[in-house]
Amino acid sequence: MKMINWKKWGTLTLVLLILKGLFSFANINQLQWLLTPIVYLVEICTAIDFIWEPNIGYTSYDNIIIEKSCSGGNFFIICLLLFFIKKWNPFHLNVKALKVFSIFIIAFGITIITNTMRIVSAIKLASFNTEITFINHKSSHLLLGSIIYIFMLLSINYLITTKYAEAS
Amino acid sequence: MQKLHKYRTLFYGITLIIPQLLLGFIFNQVITDDISSEWDTLKNIWSLLLILSFIIMGLDLKQKIENWILPLVIIAGYLIGLFVFFSNNNLINTLSNVVTGRIDYKIIPLYLTIPGILYALIDLIIKKFNPTTHTSNLRNLGYAAITPIATYVVVVVILPSIKKMFFNDLTYSNVEFIRTIIVSIAATLFLFFAIRYIYGYFKKRKTKANNPVLVLTFGLILPFVGLAFNTNIQIFGNFNYPLIYGIVFLNATGLYLLSSPNHKIKLLGFILSSIGTPYVLYFFLVFIPYIPLALILLIALGLGLLMLTPIILFFIQLKALAISFNELKTIYGKNILILISFLAAIIIPTTIVIICQDHKNTISEIIDKTYHYDSDNLIYNDFNISKVSYIVKQMTVRNRHSSFLDSHQRMPLISIYYDWHVFNNLKLSNSKIKDFKKLFLGEEKRINNWQRRVAPTKLKDSLTYNHTTTYITEGDYYETQVDFEITNLEDKGLREFVTEFNLPEDVFITKYYLDIEDRREYGILAEKKAANWIYNQITNQRKDPGILQYISDKRLSLKIFPFKAHETRTSGFTIYHKNSVQLTLNKLTINIPVKARNQNVIEFSKNAFYISGLAKQKLPTSTLKAHYYFLVDNTRLGEDFRTNFKKDYDLFSKSNITNDILYVDADISWNDKPKTKASGFNYIKAVNQIQQLHRNKSEIPVIIVYANTANRFYADKNELYFQEAFPLKNLIEAHDWNKKPTNKFELVTLTIKGVDYHLPKNNIAQFINTQSIDKLKFNSNSNPFYSALQLRLFEKIGASNPKLKRDHWLKSLQQSFSLNILSKNTTYISLETEDQKKRLLKRQKEILNNKNSHNTPSEEVRMSEPYFWLLLIVLLLILWKPKRITKTTFK
């Protein structure tokens, strides 16, 4: 019977807690590095202009607010953890620090793309005037976000797992 | 051995390094640049201690130093650190979040440092001072008992005596300093001996944590005494819930049953104490920061023992459960026991989550039923007033800053979770909380003079006017510019001109101006709250503003500030009207006579009609039946009114006039009396429901109100609104009713597409909308008068149905702005400087975006991410699945 690797899981749990803690305590101004590229892409896709307002986030004249809870921090953490757990080494690097750095960069990029997809779809969804009685606006928004996130996580997992299979 | 060292380092990492990093992070968030320098000493100490800890931990891991050095350095270093922090306690007040936030920054360093010190202390005892004999262990008990007494003698007797005898010049602060040092050292010594004794006791007795005497003392008696003691003083929080006493008893019973030789009873004990474990863990976490304080209270009546009980009980509980687990696993199996204990342990947390969810639903329901209810919905909501009361209380306390010495105590830690779960970033304004208190808890109103709505004349004025009227042929209406000259007759300056006047509903104001110095400053149309906010700010700064706005359906207020002694200022506005207008400002009557032209009924928008006062006179009269509504006070204040109603109703029922009885408390029950409530009287909703019901009915509602005035809920309306809303004088207080029911009303009738619409027989203009109000939309119209009529219709419909008001609020604002016509949601304000205008627009934007005011409906769309726990579950599922696939692939 395979023993549980306490060291690995303990470290991962610690990483999870620290990252989640950092994202939870950070204010919107400190998360601008994550939001700015997302908003840039959203502006291109939707032709909606956003303005940065300190302590609030990016707002548009249509009252769309991209703030802390929209930053994609949750997805970034989960994406990072997935890479760590899968021990994914995209560039076959031998230096540990470089390996970790490359994973951070890729997770960052994927987060930007995924979150942009989510926000753009949500804006489109919000623009439909059709009333759905069994689901309110907030729930439909969260549902859409969840579908996109899960789809992306499954896709990433499939891609990196397939690469494993090919390698072995 | 090396592995053990690694675990030891890891535990130091968990108990000390991570909490310290978190501490640094939290304080880094709240220490702003302007106060940063004041915190330099503490920052340096924090960094120094962290670096020192890292170095010593590294040396310890490599076994380059004796194993007792690491704990000793940590205990000494962090005690000094805490000491310096609390010596500079006043620095906490420099943090801006202290005033507004709900986090107690004084207690955070304790929470995040004591676990490390405690672990170091236990480590030190195990590594260096391991009690070996029974006698040496008893000595520990003796030292632990003597330490508080000795401290007491030193602090209370010896120190002041020395001061008096030898150091007369010793200042009070120096004594305080020495006293604090002594108490800190004594606290550590006490803990050292106490932990050493407890450790030695368990070690010698070999796993006797489930000793019945020990269990009953620390599991039942002391917690009960502690909780009872805390009931009155509430220093540590509010634990006055019968459920907590029940859990204490349940847990103690469980621990007691663990000592039974019968394995079935032992299993029951295991389940019960597993249920109680979250409670023990909770109190352990709550009391960790109070460990040093426990020593001081040990001196005072031994209360410190009560404070240490949660800590001791935590260790007893863990040990007792571990012993029983080992015994029971041979009978029931390891996995079953883990499953049972897990299920049992989540009972209390799950209950808390369910309660929070229930309260969250309730809060959204009460917000909805107070501000956004649908008047067409006549179903009675039987609110649980005690639950609402609890939530409102939590919300009130949350809006204040609470510290651990605050008298408004809540349950520590759980209250933070409660706020997060129930309120979820929803910080309601005090005015809304006041509304809830009034509506749901029946808080009685205070008598304020301003509620009588007498126009205050702050300035003794001389007012003159002139006007110029133009007929706009294309639009078939008149445009009249009215100019005023207002003179301050007094010898004193800085006076405010205030007037209120009535305006018919088919007269619209535009182009308001105020002459400031030599220039004409046209008013900006702004959202009402934003405009009033800036007006109040400016009057404080004694600059020039003028403000014109609706204060009820037909009444307006005009204020201009300031006036110097004997100064004359000019102001004015333009009105759109179809008929002659008469306005009365203070004592001045303004007459604008015009020739009445087209006096037919006008369809100003699709299915929306305007009937002027003169047009009404041409309509045929008709007689309509009355329908009586009795609003009966169903609150605790309404007993006398209910009795009177019964008497009157017995007489009334003989008249056979159709009627309904509305029992009114926080909600409205139609013809079915619910249990009397200790809530407010929802007057506005009752009236709105009746108005909504009679929208297209061929009956006239006559409302007789049997209710106390003290707890009436008007929302944002006032008595004047109700008087204006019932022009036939068909809203009557019970004591004003002559008890002679009127069965018929004479009205005029307008027939549109075969449907009769009945209107009061007077010369007041009226609006009729013949389509479903849900489909009502603004249609762009080149005729400004027709556009203004649309705006007015929109507002009138919204007024009696808050659900629609919320939906259309933003649109009506936008229309008012684009048409440049004053509406009931907007305000004309003349501002002197560009800076004032900028501030107003910024504030307005905030209100429109619903960022600073919860009094305005939300129209914003937030792009929130899916929940973190959901993603975590997805991740776990992903990790679980490929493993199976891989296995099958490689077979």
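What you see is a predicted model, and the numbers here were worked out from it, not measured in a lab. (Residues numbered from 1 in each chain as written. Chains lettered and ligands numbered in written order. Predicted model: local features only at pLDDT ≥ 70, side-chain atom pairs only at ≥ 80, totals over all residues. Heavy atoms only, no water.)

**Quick word on unusual backbone geometry**
Residues and elements named next belong to chain B.
Here's step 1: A positive phi angle, close to 65°, is found at N607, a residue other than glycine.
Here's step 2: Among the structural elements, N607 can be located in the loop between β12 (602–605) and β13 (608–611).
Here's step 3: Judged by its relative accessible area of 13%, N607 is buried. (Helix = DSSP H or I, 4+ residues; strand = E, 2+ residues; numbered from the N terminus. Buried < 20%, exposed > 50% of the residue type's maximum accessible area, 1.4 Å probe, protein only.)

**Observations concerning the packing of helix α10 (residues 263–287) of chain B against helix α13 (residues 334–345) of chain B**
Residue and element names in this part refer to chain B.
Here's step 1: Contact pair α10 / α13: the axes reach a minimum separation of 7 Å and the direction vectors enclose 45°. Taken together, the axes of α10 and α13 are oblique relative to one another. Note on packing geometry: the crossing formed by α10 with α13 is right-handed. Residue-level contacts link L267, F270, I271, S274, I275 and P278 of α10 to L337, I340, S341, A344 and A345 of α13.
Here's step 2: Split into classes, the residues belonging to the contact of α10 with α13 amount to nine nonpolar, two polar and no charged. (Axes fitted to C-alpha atoms, helices over the stretch in contact; angles between N-to-C directions. Parallel < 35°, antiparallel > 145°, perpendicular 65-115°, else oblique. Left-handed = near helix turned anticlockwise from the far one by under 90°. Contact = heavy atoms within 4.5 Å. Nonpolar A, V, L, I, M, F, W, Y, C, P; charged D, E, K, R; others polar.)

**Some points on helix α2 (residues 40–61) of chain B**
All names here are of chain B.
Here's step 1: Spanning 22 residues, α2 covers 31 Å between terminal C-alpha atoms, matching the ideal 32 Å at 1.5 Å per step.
Here's step 2: Here α2 has its buried residues at L42, L49, L50, S53, I56, M57 and D60. Viewed end-on, α2 has its buried residues packed into an arc of 140°, placing them on one side of the element. In this structure, α2 carries N44 and L48 as exposed residues pointing more than 90 degrees from its buried face.
Here's step 3: Downstream of α2 by one or two residues, Q63 has phi in the positive range, about 55°. (Expected span 1.5 Å × (residues − 1). Arc of directions from axis to C-beta.)

**Here we look at the side chain of H421 of chain B**
Residue and element names in this part refer to chain B.
Here's step 1: Locating H421 in the fold gives a position in helix α16 (residues 414–423).
Here's step 2: One polar contact links H421 to Q357, side chain to side chain, over a distance of 2.8 Å.
Here's step 3: For H421, the side chain forms a polar contact with the side chain of Y417, separated by 2.7 Å.
Here's step 4: Ignoring any residue separated from it by four or fewer positions in sequence, one finds H421 in contact with V353, C356, Q357 and K360. (Polar contact = N/O pair within 3.5 Å; in protein donor to acceptor, adjacent residues only side chain to side chain.)

**Regarding the sheet that holds strand β21 (residues 766–769) of chain B**
All names here are of chain B.
Here's step 1: Read across the open sheet, the three strands follow the order β12-β13-β21; overall the sheet is antiparallel. Each edge of the open sheet carries a strand with a single partner, namely β12 and β21. The mean inter-strand angle of the sheet, taken between neighbouring strand axes irrespective of direction, is 30°.
Here's step 2: Pairing of β13 with β21, which is carried by four bridges, proceeds in the antiparallel orientation. Within the sheet, the bridge partner assigned to Y610 lies in β21 and is F767. (Pairing = 2+ DSSP bridges.)

**Details of the packing of helix α14 (residues 347–371) of chain B against helix α17 (residues 430–441) of chain B**
Residues and elements named next belong to chain B.
Here's step 1: Packing of α14 against α17 brings their axes to within 11 Å, and their N-to-C directions diverge by 85°. Between α14 and α17, the crossing angle belongs to the class labelled roughly perpendicular. Residues I366, I367, T370 and Y371 of α14 form the contact with α17, whose participating residues are K432, D435, F436, L439 and F440.
Here's step 2: Each residue belonging to the contact of α14 with α17 can be placed in one class, and the counts come to six nonpolar, one polar and two charged.

**Brief notes about the side chain of N607 of chain B**
Here's step 1: Only 3.1 Å separates the side chain of N607 of chain B from the side chain of K753 of chain B, close enough to count as a polar contact.
Here's step 2: Once residues lying within four places of it in the same chain are set aside, the contact partners of N607 of chain B are K753, I768, N769, T770 and Q771 of chain B.

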